[in-house]
Amino acid sequence: MKRKTWAFAAVGAVLAVALLGWAFAPRPVPVETAAVTQGTFEAVIEEEGKTRVRDRYVVSAPLAGVLQRIALREGDAVQPGDPVALLTPVLPVLQDERTLREQQARLEMALAGRERAAARVARAQVGLQQARTEAARSGELVRQGFVSLSRFDNDQLAVLAAQRDLEAAEQDGRVAWHDVEQARAALSTVQRGPAAAQGRAFVLRSPVAARVLRVAQQSEGAVAVGTPLLELGDTAQLEVVAELLTTDALKAVPGSRVLVERWGGAGALEGRVRLVEPAAFTKVSALGVEEQRVRVLIDLAGDPAAWRALGDAYRVGVRIVTLSVEGAVQVPVGAVFPVEDGEAMAVYRLDGGRARLQPVEVAARNGAQAWVRSGLKPGQEVVVYPSSAVRDGQRVQRRKVS
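Residues numbered from 1 in each chain as written. Predicted model: local features only at pLDDT ≥ 70, side-chain atom pairs only at ≥ 80, totals over all residues. Heavy atoms only, no water.

**Q** Sorry, what's going on with the pattern of salt bridges here?
**A** Side chains carrying opposite charge are able to pair once their charged atoms draw close together. Under the definition given, this model contains 20 salt bridges. Between Glu 48 and Arg 315 there is a salt bridge, with the nearest N and O atoms lying 3.2 Å from each other. On the criterion of sequence distance, the pair formed by Glu 48 in strand β2 (residues 37-53) and Arg 315 in strand β16 (residues 315-332) is long-range, its members being 267 residues apart. Note that Glu 270 and Arg 257 form a salt bridge whose closest N and O atoms lie 2.9 Å from each other. Pair noted here: Glu 270 is in strand β13 (residues 269-276) and Arg 257 is in strand β12 (residues 257-261), with a separation of 13 residues, a long-range link. According to the relative accessible area criterion, Glu 270 is partly exposed, its value standing at 32%. Each member of the salt-bridge network shares a partner with another, and the members are Arg 52, Arg 54, Glu 239, Arg 274 and Asp 299. (Salt bridge = Lys/Arg side-chain N within 4 Å of Asp/Glu carboxyl O. Helix = DSSP H or I, 4+ residues; strand = E, 2+ residues; numbered from the N terminus. Buried < 20%, exposed > 50% of the residue type's maximum accessible area, 1.4 Å probe, protein only.)

This is the structure we're talking about:
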């Protein structure tokens, strides 16, 4: 009986020790994990922007006179040569030499502007031909495997930009021709004298096909020479203006891909950076901090029918792609942290239910992913947002990120 009692006591003691050991044994730390993936990595700059009509035209009064009430309203469409306003000239009884010389000078300025516009058209045609030649050469080199596909894409974008420049130059040429005709008509009215001009309406016509953006003078009344009457613009030729910090603008090189979001329609619109203005300006943020910013001009790409509903000065969001890498190894940014020296980076890699400290080389990061150049392989799992309880070799309990 004593032996049985001692045996039961020994078994009970062993069980008690085992229970105590199990109760006080370290538990696996619950952690969130994510898989190491491989794919396209993109570094972007996110900023607010607004749309802007690329070319605006102001119709002003070439002569002093009485303006009849303008029937056009904001949003109305006009074609080249359509009458937009009627002006009855009011010339002084004593016509002086100064007024005549002013009108002659206006005509000379208009003629010079027409020549300058013609030179710009010729230069844009040469630029377009050169861009097309470079794109054809790059296409042949891509087929032979001598240059990368990104080089060919950039040359294609250069062709598109050159085509846009030619269209803008031709539009300016038509406007310059219209200015010459207006100046000649005004000079003819002055030369005929007050008696001939009395009661004859001077017709102001639209220089381009556009829409009315603003009517500066709606009511009938007397206007002076040079008074703005209408503002015209082609809403099908829109661009996006984003004000970036100067440190970010250095990365947004011309030709960079842009995604235009939060514009009110479905999906994102494609765009390309056309120009980073050379001069910056100081802007005070909402927190009262002075910032140096620079305007970045973005051309909308694709079918204009997709963003037909957009107008002038609409607010949009832009994401400028500054870096794009194919086949990049990526992890969530929350998995990467600096090690003790503060210079190197590391992650906790899962290995058989334990967390292993793994040094990594981070090449770049965006708002969600970090591009790991070395240290990890696709398919491995890492700890996301590791707590202070996680140590090298610590047992962990996996919990997938939802």
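**Q** Whenever I open this one, the sheet that holds strand β6 (residues 83-89) confuses me. Can you help?
**A** Sheet strands associate in pairs through backbone hydrogen bonding, adopting either a parallel or an antiparallel arrangement. Spatially, β7-β6-β4-β9 is the arrangement adopted by the four strands of the open sheet, whose pairing is antiparallel. Of all strands in the sheet, those with a lone pairing partner are β7 (202-205) and β9 (221-223), marking the two edges. Strand-to-strand twist in this sheet, taken as the mean axis angle between neighbours without regard to direction, amounts to 40°. Direction of pairing for β6 relative to β7: antiparallel, over a ladder of four bridges. Residue Leu 87 lies in a different strand from β7, and its bridge partner there is Phe 202. (Pairing = 2+ DSSP bridges. Axes fitted to C-alpha atoms, helices over the stretch in contact; angles between N-to-C directions.)

**Q** Explain the layout of surface pockets to me, please; I cannot follow it from the model alone.
**A** A water-sized probe rolled over the atoms picks out the places where empty space is left. Roughly 620 Å³ of volume is contained in the largest pocket. Together, 25 residues line the largest pocket, and Ser 60, Ala 110, Val 175, Asp 179 and Gln 182 are the ones closest to its centre. Those elements that provide at least two residues to the lining of the largest pocket are β3 (56-60), α2 (97-144) and α3 (149-192). If one sorts the elements of the lining of the largest pocket by residue count, α3 sits on top with eight residues. Across the lining of the largest pocket, the residue classes tally to 14 nonpolar, six polar and five charged. (1 Å grid on protein atoms, 1.4 Å probe; cavity = no way out; pocket = protein on both sides within 12 Å on 5 of 7 lines; lining within 4 Å. Points joined across faces, edges and corners; volume = space filled by probe spheres on them. Nonpolar A, V, L, I, M, F, W, Y, C, P; charged D, E, K, R; others polar.)

**Q** I would appreciate a short explanation of the nonpolar core in the present structure.
**A** Generally speaking, nonpolar side chains in soluble globular proteins are found buried as a group. Among the nonpolar cores identified, the biggest contains 23 residues, and Ile 70, Val 84, Leu 87, Leu 204, Leu 229 and Leu 230 are the most heavily contacted of them. Secondary structure elements with two or more residues in this core: β3, β6, α3, β7, β8 (210-215) and β10 (228-233). When residues no more than four places from it in sequence are discounted, the contact partners of Leu 229 are Val 59, Ser 60, Ala 61, Leu 67, Ile 70, Ala 85, Leu 204, Val 215, Ala 216, Gln 217 and Val 223. One finds Ala 242, Val 296, Ile 298 and Val 318 within the second-largest nonpolar core, a separate group that totals 22 residues. (Core = buried A, V, L, I, M, F, W, Y, C linked by side-chain atoms within 4.5 Å. Contact = heavy atoms within 4.5 Å.)

**Q** Hey, could you run me through the side chain of Glu 291 in this one?
**A** Looking at the secondary structure, you find Glu 291 in strand β15 (residues 290-300). Separated by 2.9 Å, the side chains of Glu 291 and Arg 293 make a polar contact. If sequence neighbours within four positions are ignored, Glu 291 has contacts with Leu 245, Phe 281, Thr 282, Lys 283 and Ser 285. (Polar contact = N/O pair within 3.5 Å; in protein donor to acceptor, adjacent residues only side chain to side chain.)

**Q** Sorry, what's going on with the pairing of strand β11 (residues 238-245) here?
**A** The element β11 is extensively covered by neighbouring structure, given that six of its eight residues are classed as buried. One ladder, built from five bridges, connects β2 with β11; its direction is antiparallel. Across the sheet, Lys 50 pairs through a bridge with Val 241, a residue of β11. Where β11 meets β15, seven bridges bridge the pair, whose relative direction is antiparallel. In the sheet register, Glu 243 faces β15, and the bridge partner there is Arg 295.

**Q** What should I look at first to understand the environment of Ala 43 in this one?
**A** Relative to the assigned elements, Ala 43 resides in strand β2. By relative accessible area, which is 11% here, Ala 43 ends up buried. Here the alpha-carbon distance between Ala 43 and Asn 366, two residues 323 residues apart in the chain, equals 5.2 Å. Not counting the four nearest positions on each side in its chain, Ala 43 is found in contact with Ile 320, Val 321, Thr 322, Leu 323 and Asn 366.

**Q** Explanation requested: the environment of Val 294 in the structure shown.
**A** Among the secondary structure elements, Val 294 is positioned in strand β15. We classify Val 294 as buried; its relative accessible area is 6%. C-alpha separation for the pair Val 294 and Glu 277, spaced 17 residues apart in sequence, amounts to 6.5 Å. Residues within four places of Val 294 in sequence aside, it is in contact with Ala 242, Glu 243, Leu 244, Ala 249, Val 276, Glu 277, Ala 279, Ala 280 and Phe 281.

**Q** Looking at this structure, how should I read the pairing of β13?
**A** Along any regular strand, the residues point their side chains to alternate faces of the sheet. Sheet topology note: the β12/β13 ladder contains four bridges and is antiparallel. Across the sheet, Leu 259 pairs through a bridge with Glu 270, a residue of β13.

**Q** What exactly am I supposed to notice about the packing of aromatic side chains here?
**A** Per the stated rule, a full pass over the model turns up two aromatic pairs. Ring centres 5.3 Å apart and planes at 35° place the aromatic pair Phe 337 and Tyr 348 in the tilted group. On the criterion of sequence distance, the pair formed by Phe 337 in strand β17 (residues 337-338) and Tyr 348 in strand β18 (residues 345-351) is long-range, its members being eleven residues apart. The same class applies to Phe 337 and to Tyr 348, which are both buried. A cation over a ring is seen here: Arg 295 above Phe 281, with NZ or CZ 4.5 Å from the ring centre. Sitting above the plane of the Trp 371 ring, Arg 373 keeps its charged end 5.0 Å from the centroid. (Phe/Tyr/Trp six-rings, centres within 6.5 Å; stacked < 30°, edge-to-face > 60°. Lys NZ or Arg CZ within 6 Å of the ring centre and 35° of its normal.)

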